[in-house]
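# Structural description and commentary
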Amino acid sequence: MCNRHSPINLNETDVAQISWCPGCQSYSLVYRNACVSFYRNELDQFVRTLDALSPENFCYDFLDQPHAIIRSSQSYMGFCLNREDVNALQKLIREALTIHEAYKIIHS
């Protein structure tokens, strides 16, 4: 996110928020204690990664729950998500992208 433009909050829940910066044209996703920024193509890839998760990806046992670990090949950091987290993020992002499309129509 750039410091010259105020981000536009597109969607939020009790534990997540996604916003878009009109200056740098990037999306910021805050989920629980993590924050990550994406350009649109990267956000689309993240959603495709979430969509592609299968039961065998949830093979890491944390706090007696199965989790999947999602990380970029260029990063040592990533997300550790259970199935409920994945579903919540998919919904949050899809709704935010729909709201962003409406925003672009209204403000064009």
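Let us look at the structure shown here. None of these values were measured; they are calculated from a predicted model. In this convention, every chain numbers its residues from 1, walking through the sequence in written order. A pLDDT threshold of at least 70 governs which residues receive local features in this predicted model, and a stricter bar of 80 or more applies before side-chain atom pairs are shown or counted, although totals over entire chains, interfaces and linings include all residues. To obtain the side-chain values, all non-hydrogen atoms of the structure were used and water was disregarded.

## Looking at the pairing of strand 6 (residues 65-71)
Strands qualify as paired when DSSP identifies two bridges or more between them. For the purposes of this entry, the term helix denotes a DSSP run of H or I that reaches at least four residues, the term strand denotes a run of E that reaches at least two, and both are numbered from the N terminus. Pairing of strand 5 (residues 60-62) with strand 6, which is carried by three bridges, proceeds in the antiparallel orientation. Note on strand 6: the bridge partner recorded for phenylalanine 62 is glutamine 65. The antiparallel hairpin formed by strand 5 and strand 6 contains two residues in its connecting segment, where leucine 63 sits at a positive phi of about 55°. Sheet topology note: the strand 6/strand 7 (residues 78-81) ladder contains four bridges and is antiparallel. Bridging from a neighbouring strand, isoleucine 70 pairs with phenylalanine 79 of strand 7. Following strand 6, the chain reverses through six residues before pairing antiparallel with strand 7.

## What about the pattern of salt bridges?
Note on definitions: salt bridges are taken to be side-chain nitrogens of Lys or Arg within 4 Å of carboxyl oxygens of Asp or Glu. Tallied over the entire structure, the rule returns six salt bridges. Arginine 94 serves as the salt-bridge partner of aspartate 51, at 2.5 Å between the closest nitrogen and oxygen. With aspartate 51 in helix 1 (residues 40-52) and arginine 94 in helix 2 (residues 83-106), this pair connects stretches of sequence that are 43 residues apart. Each member of the salt-bridge network shares a partner with another, and the members are Arg40, Asp44, Glu101 and Lys104.

## Quick word on the sheet that holds strand 3 (residues 26-31)
With antiparallel pairing, the four strands of this open sheet are ordered in space as 1-2-3-4. Each edge of the sheet is formed by a strand with only one pairing partner; in this case those strands are strand 1 (8-12) and strand 4 (34-39). Within the sheet, the average angular offset between the axes of one strand and its neighbour, ignoring direction, is 20°. Across six bridges, the pairing between strand 3 and strand 4 is antiparallel. Its bridge partner lying in strand 4, serine 26 is registered against tyrosine 39. Between two residues, a contact is recorded if the distance between any of their heavy atoms is within 4.5 Å. Interaxial angle, 0 to 180 degrees, is taken between N-to-C directions of lines fitted to C-alpha atoms, where a helix line uses only the stretch in contact. In this fold helix 1 packs onto strand 2 (16-21), strand 3 and strand 4, with an angle of close to 120° to the strand it touches most, strand 4. Seen against the sheet, helix 2 touches strand 1, strand 2 and strand 3 and runs at an angle of roughly 140° to strand 1.

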